[in-house]
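Descriptive analysis of the structure
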Amino acid sequence: MIATILLSFGVLFLAELGDKSQLMALTFSLRYRWWVVLAGISVASVAVNLIAAGVGHFLGTALPANAIAVVTALTLLVVGLWTLRDALSSDNDSEEAPEPPSARNAFLVVISAFTLAELGDRTMFAAAALASSNNWLAVWIGSVAGMVAAGGLAILVGKFAGKHLPERGIATASGLLFLFFAGKTVLDAFVPALSGWGSAGLALIVPAVLGLGVLVWRKRGLSAARASEPAGVRSRVLEKGVLEKG
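In short, a report on the structure. All figures in this text were calculated on a predicted structure; none of them were measured in a lab.

The subject of this paragraph is the environment of leucine 153. Tracing the backbone through its elements, the reader meets leucine 153 in helix α7 (residues 136–162). The spacing of leucine 153 and leucine 26 is 127 residues in sequence and 8.5 Å in space, taken between C-alpha atoms. What leucine 153 contacts, discounting residues up to four positions off in sequence, is Phe13, Leu17 and Gln22.

Grouped together as the largest cluster of nonpolar side chains are 26 residues, with contacts concentrated most on Met24, Phe28, Tyr32, Ile41, Leu76 and Phe114. Elements represented by at least two residues in this core include exactly α2 (20–31), α3 (34–59), α4 (65–88), α5 (103–118), α7, α8 (167–190) and α9 (196–203).

Together, Val70, Leu74, Leu77, Leu81, Val186, Phe190 and Val191 make up a nonpolar patch on the protein surface, roughly 540 Å² of accessible area in all. Counting only elements with at least two residues in the nonpolar patch, the list comes to α4 and α8. Tallying contributions element by element places α4 first for the nonpolar patch, with four residues. Structurally, valine 186 is set in helix α8.

What counts, and at which threshold
- Residues numbered from 1 in each chain as written.
- Predicted model: local features only at pLDDT ≥ 70, side-chain atom pairs only at ≥ 80, totals over all residues.
- Heavy atoms only, no water.
- Helix = DSSP H or I, 4+ residues; strand = E, 2+ residues; numbered from the N terminus.
- Contact = heavy atoms within 4.5 Å.
- Core = buried A, V, L, I, M, F, W, Y, C linked by side-chain atoms within 4.5 Å.
- Buried < 20%, exposed > 50% of the residue type's maximum accessible area, 1.4 Å probe, protein only.
- Patch = residues over 30% accessible without salt bridge, like charges linked within 9 Å, V, L, I, M, F, W, Y side chains within 5 Å.
- Areas by Shrake-Rupley, 256 points an atom, 1.4 Å probe, with all protein chains shown as cover.
- Salt bridge = Lys/Arg side-chain N within 4 Å of Asp/Glu carboxyl O.

Shown next, in the form of structure tokens:
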């Protein structure tokens, strides 16, 4: 049983590396508290891998993959737009990041997104294949551990990067990444002829254009705010900058 647990752990951990689920974990960690993201990943992993280890092998071909892809894409789209709205809702001249959602709301968002993303994913089928010829309980335990470990690694990377990036920029980038995931999920499901890089390139178009628009909008807003400042305020800001550099 220990050998099966270790085998399942290794297979699921390697399958998750670079997968959209790990990228989602990294993105969530840039916006939400790390323990909320890890808890959500854990709950989703327990549920998905229980299905995979128990009956996933028999229902795998019957799962409505396209319908699941649409629901997943819609979920990611809503999360992305919600995050962008929070990032852009405050005043342009405010340096404070938007208030993060409550732990309960974030927890539900993470669980929903991960569960939908993993249903019908390659990792689910990998767990189902392992359970067909090994002890299902051992496969379940090892699969959950492997998925949570991969998510934890992504969270660690996200938190390290978050310390060196502005919070408002993180929130905006998170929203754009969710839009990218939504587009890629739909393309992978309905246009399988595209290669991984092909679907990624097409899915990147909308977030890239929207991100460029947000950047231009912010620069114009900042320029307008500076132009409306009294001359005395601008001079004091310039003097403060010179003193800090000195």
